[in-house]
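# Descriptive analysis of the structure
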Amino acid sequence: MLTLAPDIEVLARFGRALADPIRCRILLALREAPAHPADLADAMEISRTRLSNHLACLRDCGLVVAVPVGRRTRYELADERLGHALDDLRTAVVAVEADKTCLDADEKGCC
């Protein structure tokens, strides 16, 4: 049975997924179009094993789904709204000045 996660858990899952550059690249690629793991691995120039581990994380976070297509599996975003959310996040982050960080960034591990 499918259950809805509380807001905080949803945001934490999204944050965990975005915490790794490879997972970000996968999400952005799937935002463009569904893809097979072998094609994603080749496009990103990473091993299929490494890609598989990242796809498992994204599945566990509820952000991507595996769709059987014959003997192969295709991956796509779990919800088309995730693509819009990624676009919104990208434009919001670009608007932040990269050279402005808080004074305690190193101590707090932020910015």
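Up top is the structure these notes are about.
Now for a look at the structure at hand. (Residues numbered from 1 in each chain as written. Predicted model: local features only at pLDDT ≥ 70, side-chain atom pairs only at ≥ 80, totals over all residues. Heavy atoms only, no water.)

### Some words on the packing of helix 2 (residues 21-32) against helix 3 (residues 37-44)
- Closest axis-to-axis distance for the helix 2/helix 3 pair is 11 Å, and the angle between their directions is 120°. On the basis of their axis angle, the class for helix 2 and helix 3 is oblique. Crossing hand, helix 2 versus helix 3: right-handed. Each of Arg25, Ile26, Ala29 and Leu30 in helix 2 lies in contact with helix 3, whose residues at this interface are Leu40, Ala43 and Met44.
- Residues belonging to the contact of helix 2 with helix 3 are distributed by class as follows: six nonpolar, no polar and one charged. (Axes fitted to C-alpha atoms, helices over the stretch in contact; angles between N-to-C directions. Helix = DSSP H or I, 4+ residues; strand = E, 2+ residues; numbered from the N terminus. Parallel < 35°, antiparallel > 145°, perpendicular 65-115°, else oblique. Left-handed = near helix turned anticlockwise from the far one by under 90°. Contact = heavy atoms within 4.5 Å. Nonpolar A, V, L, I, M, F, W, Y, C, P; charged D, E, K, R; others polar.)

### Section: unusual backbone geometry
- At Glu45, a residue that is not glycine, the phi angle is positive and equals roughly 55°.
- Along the chain, the position of Glu45 falls in the loop between helix 3 and helix 4 (48-60).
- Judged by relative accessible area, Glu45 falls into the exposed class, the value being 72%. (Buried < 20%, exposed > 50% of the residue type's maximum accessible area, 1.4 Å probe, protein only.)

### A short note on the nonpolar core
- Residues Ile26, Leu27, Leu30, Leu51, Leu58, Leu63 and Val64 are the most contacted members of the largest nonpolar core, which totals 22 residues.
- Of all the elements in the fold, those that place two or more residues in this core are helix 1 (7-18), helix 2, helix 3, helix 4, strand 2 (72-77) and helix 5 (80-94).
- For Ile26, the residues in contact, after removing those within four places along its chain, are Met44, Leu51, His54, Leu55 and Leu58. (Core = buried A, V, L, I, M, F, W, Y, C linked by side-chain atoms within 4.5 Å.)

### Overview of the pattern of salt bridges
- Taken as a whole and assessed by the stated rule, the structure comprises six salt bridges.
- A salt bridge links Arg31 to Asp87, with the nearest nitrogen and oxygen atoms 2.6 Å apart. Of this pair, Arg31 sits in helix 2 while Asp87 sits in helix 5, placing them 56 residues apart in sequence.
- Classification of Arg31 as partly exposed rests on a relative accessible area of 25%.
- Where salt bridges share partners, they join Arg31, Glu32, Asp87 and Arg90 into one cluster. (Salt bridge = Lys/Arg side-chain N within 4 Å of Asp/Glu carboxyl O.)

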